[in-house]
Amino acid sequence: MEQDNPTMYERMRAGELYKFAGPEFERLGAESAKRMVHYNTLTTAPREEVDAALQEMFGKVGPGVTIRPPLYIDYGIHTTIGEGTFMNFGCVLLDVADITIGARCQFAPGVQLLTAWHPLEATTRRDGWEAGTPITIGDNVWLGANTLVLPGVTIGENTVVGAGSVVTRDLPANVIAFGNPARVQRRLPEERE
């Protein structure tokens, strides 16, 4: 039986405007904060313990993922990370909406993937409404230091984004892009096997 009045959390997950209020948000926020704080203490822990913490923190994590603390998450459970991906210090993953990160990606320090956004209308924003739009990062993407990826962006496989870029729109596969806003600068040569 369908629910006529979805909860604010269900509205958030459906990509609709929602207000961050209620016991569901309090519980999920407390759980994700606990997992994040715990993970950020594991700087010298054995690999098995680090891997177990990653599996608890995210929706899905492939083998061989390395994330150097500190890491900052909103929920974590709405993020999937492909095998062999590396994230350097200080990355931020605000996964109000889904974040999908491919295999063998490289994130330099300070990369931020931000799915959350706020309405442009001042009254709606003042009243506490917000929303989120998914972010997808293809396999083998390299994001330079302090790159910001904004809500709704998809970055194609093998693409390189230069340090300090703000990615406001989709980027195709196999290109180098940089700037604010990030623009494609050139195509990468096709690799032969």
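Note: the structure precedes this text.
Nothing here was measured: the structure is a model prediction, and the numbers come from that model. (Residues numbered from 1 in each chain as written. Predicted model: local features only at pLDDT ≥ 70, side-chain atom pairs only at ≥ 80, totals over all residues. Heavy atoms only, no water.)

(A) Quick peek at the environment of Val61. Its place among the elements puts Val61 in strand S2 (residues 60-61). For the pair formed by Val61 and Gly162, sequence separation is 101 residues and the distance between their alpha carbons is 25 Å. Here Val61 is in contact with Leu54, Gln55 and Ile81, once residues within four sequence places are set aside. (Helix = DSSP H or I, 4+ residues; strand = E, 2+ residues; numbered from the N terminus. Contact = heavy atoms within 4.5 Å.)

(B) Quick look at the layout of surface pockets. Roughly 220 Å³ of volume is contained in the largest pocket. Forming the walls of the largest pocket are Asn140, Trp142, Glu157, Asn158, Val160, Asn174, Leu188, Pro189, Glu190 and Glu191. Tallied by class, the residues present in the lining of the largest pocket amount to 4 nonpolar, 3 polar and 3 charged. (1 Å grid on protein atoms, 1.4 Å probe; cavity = no way out; pocket = protein on both sides within 12 Å on 5 of 7 lines; lining within 4 Å. Points joined across faces, edges and corners; volume = space filled by probe spheres on them. Nonpolar A, V, L, I, M, F, W, Y, C, P; charged D, E, K, R; others polar.)

(C) Seen up close, the sheet that holds strand S10 (residues 112-114). In space, the 5 strands of this open sheet follow the order S4-S7-S10-S15-S18, with parallel pairing throughout. Each edge of the sheet is formed by a strand with only one pairing partner; in this case those strands are strand S4 (71-73) and strand S18 (166-167). Across 3 bridges, strand S7 (residues 91-94) lies against S10 in parallel orientation. Across the sheet, residue Leu94 finds its bridge partner in S10, namely Leu114. (Pairing = 2+ DSSP bridges.)

(D) Spotlight on the packing of aromatic side chains. Here the structure, examined in full by the defined rule, presents 3 aromatic pairs. Here a set of aromatic residues connected by ring pairs shows up, and it is made of Tyr9, Tyr18, Phe20 and Phe25. (Phe/Tyr/Trp six-rings, centres within 6.5 Å; stacked < 30°, edge-to-face > 60°.)

(E) Expanded view of the pattern of salt bridges. Across all of its chains, the model carries 3 salt bridges by this definition. Salt-bridge contacts for Glu31 lead to Arg27; the nearest nitrogen and oxygen are separated by 3.3 Å. Residue Glu31 and its partner Arg27 are both found in helix H2 (residues 23-39); the two are separated by 4 residues, about one turn of the helix. Of the charged contacts in the structure, one is a salt bridge between Asp51 and Arg47, with a shortest N-O distance of 2.8 Å. Linking Asp51 with Arg47, this pair stays in helix H3 (residues 47-57), spanning 4 residues, or about one helical turn. For Asp51, a relative accessible area of 29% puts it in the partly exposed group. Judged by its relative accessible area of 36%, Arg47 falls in the partly exposed class. (Salt bridge = Lys/Arg side-chain N within 4 Å of Asp/Glu carboxyl O. Buried < 20%, exposed > 50% of the residue type's maximum accessible area, 1.4 Å probe, protein only.)

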